[in-house]
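The chain contents come next:
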Amino acid sequence: LTQDELKKIAAYKAVEFVESNMVLGLGTGSTAKHAIDRIGELLKQGKLTNIIGIPTSTKTHEQALSLNIPLSDIDTHPVLDLAIDGADEVDPDMNLVKGRGGSLLREKMIEGCCKKFVVIVDESKLVDYVGGSGLALPVEVVPFCWKFTANKLEELFCDAGCVAKLRINADGNKNAPYVTDNGNYIIDLYFKKDIGDLKAAGDAMLRFAGVVEHGMFIDMATTLIVASEMGVTVRHK
Ligand code: DER
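Numbering of residues begins from 1 in every chain and follows the order in which that chain's sequence is written. With pLDDT at 70 or above as the cut-off, local features in this predicted model cover only qualifying residues; side-chain atom pairs require 80 or more to be listed or tallied, and sums for whole chains, interfaces and linings still use all residues. Computation of side-chain values covers all heavy atoms of the structure but excludes hydrogens and water.

For the protein chain, an unreviewed UniProt entry supplies the name ribose-5-phosphate isomerase and the organism Artemisia annua. The Catalytic activity (unreviewed entry) comment attached to the protein chain in UniProt states, word for word, "aldehydo-D-ribose 5-phosphate = D-ribulose 5-phosphate". Recorded in UniProt for the protein chain, the comment headed Pathway (unreviewed entry) runs: "Carbohydrate degradation; pentose phosphate pathway; D-ribose 5-phosphate from D-ribulose 5-phosphate (non-oxidative stage): step 1/1." UniProt positions are given in the numbering used here, feature names are shortened, and annotations may be inferred rather than shown by experiment.

Structural data, given as structure tokens:
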């Protein structure tokens, strides 16, 4: 099975938790995309009715619009029944790294007001500890003096061998910084060692005035769905 097929299996499993009349947080990324496609299909078939979707990015907003999923926001619906989203890393305590797709702020806002937050991953996302994949821990920062903030973040995690890099736009002008849906920049943090207490690390980052939000989703997931060659598993917190 390809990685995308595994993502689709996990996504479809998560949609089994969706019931008519739910207000749903719609995640962002290639795994969540499959779940949103599936929800659109069930609505079209009449197997699901009266669903309201709360998109976590403009990209998801557009996908949901194309599927005729009725949309709203958390101003109107401050409590959601269920959110389904992918993750970049999942540690043994179901803490997540998210944001490599650039949507961490809206994801964290929306997934923070759900009764259930179902995370869907293929097995490649499982790590022993956050930052363990050697890939980025994204941090959304204000554009103003982003270098200052990046240096403060590197200093904060110098014992873990942290390197901070400004995320650059994938396409177009190669030197243009990536700009989030909220008009901010992203600093990607790379670690050589475990950063230890995640809560303390997250709180310390948020104390910097230039930091908007970080990509660690601590104690937020309620259900984890993992697809692998061996099949799909569902684990509740
Ligand atoms: O950027 C994000 O937060 C995405 O949800 C990411 O964590 C998962 O993206 P993927 O499903 O494309 O791997």
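From this point on, the discussion continues.
Observations regarding the pattern of salt bridges
The rule for a salt bridge is simple: a side-chain nitrogen of Lys or Arg has to be within 4 Å of a carboxyl oxygen of Asp or Glu. Counting across every chain of the model gives 11 salt bridges. Put simply, E16 and K13 hold a salt bridge, and the shortest N to O gap is 3.3 Å. The buried label applies to any residue whose accessible area, calculated with a 1.4 Å probe on protein chains only, is under 20% of its type's maximum; exposed applies above 50%, and partly exposed to all values in between. In this structure E16 comes out as exposed when scored by relative accessible area, which is 57%. Put simply, E107 and K98 hold a salt bridge, and the shortest N to O gap is 3.3 Å. The residues E107 and K98 share a single accessibility class, namely buried. Look at the salt bridges and you will find they share partners, linking D85, K98 and E107 into a network.

Description of the site of the ligand
Whether a residue is near a molecule or strand depends on its heavy atoms: it is near if one of them lies within 4 Å of it. As a structural note, the neighbourhood of the ligand is formed by 16 residues, with T28, S30, T31, G101 and K125 the closest of them. Polar contact is defined as a pair of N or O atoms within 3.5 Å, subject to the rule that within protein one atom must be able to donate a hydrogen and the other to accept it, and that residues adjacent in sequence are counted only when both atoms are side-chain atoms. Contact between the ligand and K98: an oxygen atom at 2.8 Å from a side-chain N or O atom of the residue. One of the side-chain N or O atoms of K125 is found 2.6 Å from an oxygen atom in the ligand. Each accessible area value is a Shrake-Rupley result obtained with a 1.4 Å probe; residue values ignore everything except the protein chains displayed when judging cover. Across the complex, the protein chains shield 91% of the 350 Å² of accessible surface that the ligand would expose by itself. When atom positions are compared with the pocket grids, the ligand is found to occupy the largest pocket. Under this grouping Gly is polar, as are all residues other than the nonpolar Ala, Val, Leu, Ile, Met, Phe, Trp, Tyr, Cys and Pro and the charged Asp, Glu, Lys and Arg. By residue class, the composition of the shell around the ligand is one nonpolar, eight polar and seven charged. Space inside and on the surface of the protein is sampled on a 1 Å grid over the protein atoms alone, with a cavity defined as a set of points where a 1.4 Å probe fits but cannot get out and a pocket as an open set with protein on both sides within 12 Å along at least 5 of 7 lines; lining residues have an atom within 4 Å of a point. For a cavity or pocket, the test is whether more than half of a molecule's atoms lie within 2 Å of its grid points; if they do, the molecule sits there.

Overview of the pairing of strand β1 (residues 23-26)
Residues of β1 alternate between two faces, with V23 and G25 on one and L24 and L26 on the opposite face, all of them buried. Should DSSP find at least two bridges between two strands, the strands are regarded as paired. Every helix listed is a DSSP run of H or I at least four residues long, and every strand listed is a run of E at least two residues long, numbered separately from the N terminus. Sheet topology places β1 next to strand β2 (residues 52-55); four bridges connect them, and they run parallel. Bridge pairing in β2 links G25 to I54. Handedness of the β-α-β unit built from β1, helix α2 (residues 30-44) and β2 comes out right-handed. Of the strand pairs in this sheet, β1 and strand β3 (residues 80-85) are connected by three bridges, and their pairing is parallel. Residue G25 lies in a different strand from β3, and its bridge partner there is A83. Crossovers are marked right-handed if the path from the first strand over the helix to the second runs clockwise, as seen with the strands pointing away from the viewer.

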